[in-house]
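Examining the three-dimensional arrangement
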Amino acid sequence: MGLFPKDTNFYDLFERGVGKVHEGAQALADLVKDFSNVPLKAKRIKDIEHEADLITHETIEKLNKTFVTPLDREDIHGLISSLDNILDHVEAAADKFSLYRIPEVQPDAVLLTDVLIHSVKEVQTTIGKLRNLKDADLILKHCIEINRLENEGDFVYRTAIAKLFEQGGDPLNVIKWKEVYDSIEDAIDSCEDVANVIEGVTLKNS
Amino acid sequence: MGLFPKDTNFYDLFERGVGKVHEGAQALADLVKDFSNVPLKAKRIKDIEHEADLITHETIEKLNKTFVTPLDREDIHGLISSLDNILDHVEAAADKFSLYRIPEVQPDAVLLTDVLIHSVKEVQTTIGKLRNLKDADLILKHCIEINRLENEGDFVYRTAIAKLFEQGGDPLNVIKWKEVYDSIEDAIDSCEDVANVIEGVTLKNS
Amino acid sequence: MGLFPKDTNFYDLFERGVGKVHEGAQALADLVKDFSNVPLKAKRIKDIEHEADLITHETIEKLNKTFVTPLDREDIHGLISSLDNILDHVEAAADKFSLYRIPEVQPDAVLLTDVLIHSVKEVQTTIGKLRNLKDADLILKHCIEINRLENEGDFVYRTAIAKLFEQGGDPLNVIKWKEVYDSIEDAIDSCEDVANVIEGVTLKNS
């Protein structure tokens with residue numbers, strides 16, 4: 001033990017943070033699978049996002065008070081900020097369902113949310129491996145998988161938009177759905193941003 | 001005084017830069033409050049953006065010629081680049097009003113621009129405190145406030161879009177207004193990006 | 001020669017990477033100039049994007065195995081990731097032409113793709129100069145040119161969108177074209193992101 005032991009509690013904060021992200025993404029998946037009581041479920045997701053914000057602020061506070069950090073300060077900051085972004089987009093998707101009074105769900109929303117859930121689980125696994133950065137090959141493999149899921153998300157997203165165009169009908173309905181799909185896809189993109197931060201951290205410390 | 005005194009003029013450049021951002025945001029707020037002579041006012045905002053670009057280039061030039069910088073070179077670069085982005089989006093919003101020949105203003109544009117003005121003022125205050133990075137608690141508090149304003153902007157933005165959908169009417173008009181609101185919201189998001197850079201700098205140097 | 005000679009092969013990887021970006025952007029320019037066999041040409045661009053992905057993964061693998069790198073690890077990672085993004089957006093544009101069954105090309109798509117080609121060529125030239133970072137003034141001049149092209153892209157983009165509005169007609173057609181233009185503009189924006197990374201690297205090492 002040195003004079004300034006590295007504070008491992010940052011890892012606890014990461015894990016609690018990504019736990020909230022998982023909780024929020026799961027709540028969104030539940031919402032699109034059972035499209036009832038939408039405003040209430042959207043409100044619950046907003047609450048989860050708020051709880052995650054508190055973890056983010058706690059992490060930043062801790063960074064500010066901690067002398068020796070287990071990872072570079074800017075990487076801890078980048079990691080917690082990019083995690084935060086995932087939930088922002090999840091919350092936006094839920095809020096749009098409610099605010100835009102979307103009457104019924106498109107089946108593709110379930111598909112796209114499935115990709116999001118897979119990606120968030122992969123992010124959760126990867127963050128769980130940060131305590132042992134020496135296992136770089138394994139961590140980088142997970143990051144590649146998150147990248148692959150982002151590509152899969154792109155495909156599902158574009159196919160969903162193409163279907164909206166084919167169905168035709170009220171253009172305002174198309175725009176509303178594009179807005180919702182955009183937010184879910186942004187959430188998946190943000191998982192890739194987290195993977196990028198982790199990839200960078202791993203390469204720096206391996 | 002050491003052999004290579006730290007060059008405090010970088011702070012002057014940041015303050016001149018954020019001053020231009022404030023000038024541009026204020027000009028946009030004036031435009032939406034008095035929606036006349038739109039092309040002329042949009043042109044004026046483009047000029048302000050160009051003046052800010054010159055400050056950005058001067059900062060980069062100075063970085064390139066300066067041996068010892070008061071903050072890490074990448075942080076100075078990140079700060080000035082993210083400041084630059086705010087005005088890019090302000091200019092885009094003004095340009096779209098003009099180019100898309102939008103005939104009259106929506107009241108929500110005033111509300112959203114108000115959030116932008118608050119956020120830009122907060123950014124200006126925070127940048128004014130960078131000369132004294134030891135006052136980390138205060139700087140971080142301002143960053144949290146900029147984050148809060150970004151959330152408020154999200155709310156105003158989504159409510160404005162929901163109203164466009166409720167009003168119904170010409171879908172092209174809805175798309176035009178979404179484009180304008182997107183640019184104002186992007187400007188508010190860019191304020192949060194500046195806050196993120198400042199937060200990172202503060203945590204690194206505190 | 002020191003004990004750990006710097007590995008210059010990273011520069012080869014950057015040059016092969018940006019070569020693929022140029023190949024993909026050129027294929028997109030060819031597609032919009034001769035708008036026939038769109039699905040086949042879009043497939044070819046997807047293949048190019050996949051080839052570029054392999055170079056990205058090879059670079060990350062190499063970073064993971066290399067002890068002394070010619071640039072900071074995070075900068076190599078940032079450079080290769082932002083290069084990768086350009087092709088992602090090029091591929092998205094091509095895919096949308098195909099998926100959304102767009103029947104004929106708008107002349108502005110040719111203009112916007114021309115800006116993209118110019119910007120990609122400029123990125124290619126700039127990356128070719130990274131082996132000699134001491135020539136900072138020249139590199140920074142190229143970065144300013146890439147910024148200027150991004151502004152030009154903004155102008156062409158907004159004018160193209162304004163024309164879609166003026167033409168009026170089917171709103172779904174307007175939305176489809178906005179989607180395509182968005183992807184081409186995102187590709188141009190990603191060129192600016194590469195320039196930002198290069199600018200940062202240059203300022204740090206000059």
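Within every chain, residues take consecutive numbers counted from 1 along the sequence as written. All chains are assigned letters beginning with A, and all ligands numbers beginning with 1, in the order in which they are written. Since the coordinates come from a predicted model, pLDDT governs what is reported: local features require at least 70, and pairs of side-chain atoms require 80 or more to be given and counted, while whole-chain, interface and lining totals use all residues.

1. Considering the overall build of chain A
Put simply, the rule reads: Secondary structure elements are taken from DSSP: a helix is a run of H or I of four residues or more, a strand is a run of E of two residues or more, and numbering for both begins at the N terminus. When we talk radius of gyration, it's over C-alpha atoms, and the globule rule is simply 2.2 Å times the number of residues to the 0.38. As a rule, residues whose C-beta atom has 12 or fewer other C-beta atoms within 10 Å are exposed, those with 20 or more are buried, and those in between are partly exposed; C-beta atoms are placed from the backbone. Each residue is represented by a C-beta atom placed from its backbone, and any two residues with such atoms within 7 Å are regarded as in contact.
What chain A contains, in helices and strands, is 6 helices and 0 strands. Along the chain direction, N to C, the helices and strands of chain A fall in the order α-α-α-α-α-α. In summary, chain A has a C-alpha radius of gyration of 18 Å against a globular reference of 17 Å for 206 residues, a match within 12%. Expressed along its principal axes, the backbone C-alpha trace of chain A runs to roughly 70 × 30 × 20 Å. Within chain A, the fraction of its 206 residues that count as buried is 47%. Within chain A, counting contacts between residues at least 6 apart in sequence, those at least 24 apart form 86% of the total.

2. Some remarks on the interface of chain C and chain A
Filter applied, for reference: Put simply, Ala, Val, Leu, Ile, Met, Phe, Trp, Tyr, Cys and Pro go in the nonpolar bin, Asp, Glu, Lys and Arg in the charged bin, and everything else, Gly too, in the polar bin.
The interface of chain C with chain A comprises 16 residues on the first partner and 17 residues on the second. Put simply, the parts of the chain that give the side of chain C that touches chain A at least two residues each are α2 (38-65), α3 (73-99) and α6 (171-205) of chain C. Sort the elements by how many residues they give to the side of chain C that touches chain A and α3 of chain C lands first, with 7 residues. In terms of residue class, the side of chain C that touches chain A is made up of 7 nonpolar, 4 polar and 5 charged.

3. Here we look at the environment of I60 of chain C
By the element assignment, I60 of chain C lies in helix α2. Separated by 21 residues in the primary sequence, I60 of chain C and S81 of chain C have C-alpha atoms spaced 9.7 Å apart. Apart from residues lying up to four places away in sequence, I60 of chain C is in contact with L140 and E199 of chain A.

4. Looking at the relation of the copies chain B and chain A
The condition that has to hold: Superposing the copies works by least squares over the C-alpha atoms of residues that have pLDDT at least 70 in both of them.
Here chain B sits on chain A after a turn of 120° about the axis and a move of 0.0 Å along it, with an RMSD of 0.0 Å. In short, the pair behaves as if placed about a three-fold rotation axis. The C-alpha atom lying nearest the rotation axis in chain B is that of P171 of chain B; the distance is 3.7 Å. The two copies present different faces, since only 12% of the interface residues in chain B are matched by interface residues at the equivalent positions in chain A.

5. A few points about the packing of helix α3 (residues 73-99) of chain A against helix α6 (residues 171-205) of chain B
Note the cut-off: All axes here are fitted lines through C-alpha atoms, helices being fitted over the stretch that makes contact, and every angle between N-to-C directions spans 0 to 180 degrees. Handedness of a helix crossing follows the sense of rotation of the near helix relative to the far helix, less than a right angle counterclockwise being left-handed and clockwise being right-handed.
Viewed as axis vectors pointing N to C, α3 of chain A and α6 of chain B meet at an angle of 145°, and their least axial separation amounts to 9 Å. Regarding α3 of chain A and α6 of chain B, the two cross each other, and that crossing is right-handed. Between α3 of chain A and α6 of chain B, the residues in contact are R73, E74, H77 and S81 of chain A and N196, E199, G200, L203 and K204 of chain B, respectively. Looking at side-chain class alone, the contact of α3 of chain A with α6 of chain B contains 1 nonpolar, 4 polar and 4 charged residues.

6. Notes on the relation of the copies chain C and chain A
The two copies are related by a screw operation: chain C maps onto chain A through 120° of rotation and 0.0 Å of translation along the axis, at an RMSD of 0.0 Å. Of the interface residues in chain C, just 12% have counterparts in chain A that sit at the interface too, so the contact is made through distinct surfaces.

7. With respect to the interface of chain B and chain A
Taken together, the 17 residues of chain B in the interface contact 16 residues of chain A. Listed by contribution, the elements that provide at least two residues to the side of chain B that touches chain A are α5 (136-167) and α6 of chain B. Partitioning the side of chain B that touches chain A into residue classes produces 9 nonpolar, 5 polar and 3 charged.

8. Side note on helix α4 (residues 107-128) of chain B
Our working rule: To estimate the expected span of a helix, count its residues, drop one, and scale the result by 1.5 Å.
Between its first and last C-alpha, α4 of chain B extends 32 Å over 22 residues, near the 32 Å set by a 1.5 Å rise per residue. Inspection of α4 of chain B places D108, A109, L112, T113, V115, L116, S119, V120, E122, V123, T126 and I127 of chain B among the buried residues, and these make up the whole buried set.

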